[in-house]
Amino acid sequence: MNKQIFLAAAVSFIGGLVIMGFVGFYSLPGMMMLEDESKYDFETTVEVFEQEVRAAGWSIIAVHDMQETLLGHGHEVLEVKIFELCSSRYSAEILKLDDERIVSPLMPCRVAIYKKSDGKTYIGRMDSELLAKPFGGVINQVMQQAASETEVVLAKLIR
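Residues numbered from 1 in each chain as written. Predicted model: local features only at pLDDT ≥ 70, side-chain atom pairs only at ≥ 80, totals over all residues. Heavy atoms only, no water.

Here we look at a nonpolar patch on the surface
Turning to step 1, where the next piece is worked out: On the surface, Met32, Met33, Ile102, Leu106, Met126, Leu130 and Phe135 cluster together to form a nonpolar patch covering roughly 580 Å² of accessible area.
Turning to step 2, where the next piece is worked out: For Leu106, a relative accessible area of 30% gives the class partly exposed. (Patch = residues over 30% accessible without salt bridge, like charges linked within 9 Å, V, L, I, M, F, W, Y side chains within 5 Å. Areas by Shrake-Rupley, 256 points an atom, 1.4 Å probe, with all protein chains shown as cover. Salt bridge = Lys/Arg side-chain N within 4 Å of Asp/Glu carboxyl O. Buried < 20%, exposed > 50% of the residue type's maximum accessible area, 1.4 Å probe, protein only.)

Here is the structure:
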């Protein structure tokens, strides 16, 4: 009897892990990305975003106009601009430490402003706060601060 109870418990436990694995695997992408509707049209969103980023003391390292780029390759898409943002104080905190450089592929911070077929403008980005937690230590601390500052800038644009 004890053997049957143990076997049933083991099968239930393993089954639960498998189910949790599937749920986690399929819900994780939605948790890692954030998207909010802008209260402005595309052009105004871009303009206000650029002003607010600079006012917050951040730099815009690059802007990728994906609509223009793809048009050059024969593809037509709605407006999409991807911004690479940098705060030197946060970048330096991570990049001066050897072990923390592992997250450099996530740098600089990226924010996308795009239009959808519903005619509305959206702001998309990674959930850096969620992404940072498993790293712990300096990486978590710095990425939490950077994400928080970015969200303050974006709050001025979001409905």
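Quick notes on the layout of surface pockets
Turning to step 1, where the next piece is worked out: In this structure, the largest pocket spans a volume of roughly 380 Å³.
Turning to step 2, where the next piece is worked out: The wall of the largest pocket is formed by 27 residues, among which Cys109, Ser128, Met143, Ala146 and Ala147 lie closest to the centre.
Turning to step 3, where the next piece is worked out: For the lining of the largest pocket, the secondary structure elements donating two or more residues are strand S3 (80-86), helix H4 (88-95), strand S4 (109-115), strand S5 (121-126), helix H5 (128-132) and helix H6 (137-155).
Turning to step 4, where the next piece is worked out: Looking at the lining of the largest pocket, the element that brings in the most residues is H6, giving 6 residues.
Turning to step 5, where the next piece is worked out: Taken together, the residues that form the lining of the largest pocket break down as 18 nonpolar, 4 polar and 5 charged.
Turning to step 6, where the next piece is worked out: There is about 150 Å³ of room inside the second largest pocket.
Turning to step 7, where the next piece is worked out: In terms of lining residues, the second largest pocket is bounded by 13 residues, among which Met33, Arg110, Gly124, Arg125 and Met126 are the most central.
Turning to step 8, where the next piece is worked out: Broken down by element, the lining of the second largest pocket gets its largest block of residues, 5 residues, from S4.
Turning to step 9, where the next piece is worked out: Residue classes in the lining of the second largest pocket are distributed as 10 nonpolar, 1 polar and 2 charged. (1 Å grid on protein atoms, 1.4 Å probe; cavity = no way out; pocket = protein on both sides within 12 Å on 5 of 7 lines; lining within 4 Å. Points joined across faces, edges and corners; volume = space filled by probe spheres on them. Helix = DSSP H or I, 4+ residues; strand = E, 2+ residues; numbered from the N terminus. Nonpolar A, V, L, I, M, F, W, Y, C, P; charged D, E, K, R; others polar.)

Some details on the packing of aromatic side chains
Turning to step 1, where the next piece is worked out: This model, assessed by the stated rule, comprises 3 aromatic pairs.
Turning to step 2, where the next piece is worked out: Relative to Phe83, the ring of Phe49 has its centre 4.9 Å away and its plane inclined at 65°; by these criteria the two rings are edge-to-face. Of this pair, Phe49 sits in helix H2 (residues 42-55) while Phe83 is found in strand S3, placing the two residues 34 residues apart along the sequence. The pair Phe49 / Phe83 is uniform in exposure class, with both members buried.
Turning to step 3, where the next piece is worked out: A cation sits over an aromatic face here: Arg89 above Tyr90, 4.6 Å from the ring centre.
Turning to step 4, where the next piece is worked out: A cation over a ring is seen here: Lys116 above Tyr122, with NZ or CZ 4.6 Å from the ring centre. (Phe/Tyr/Trp six-rings, centres within 6.5 Å; stacked < 30°, edge-to-face > 60°. Lys NZ or Arg CZ within 6 Å of the ring centre and 35° of its normal.)

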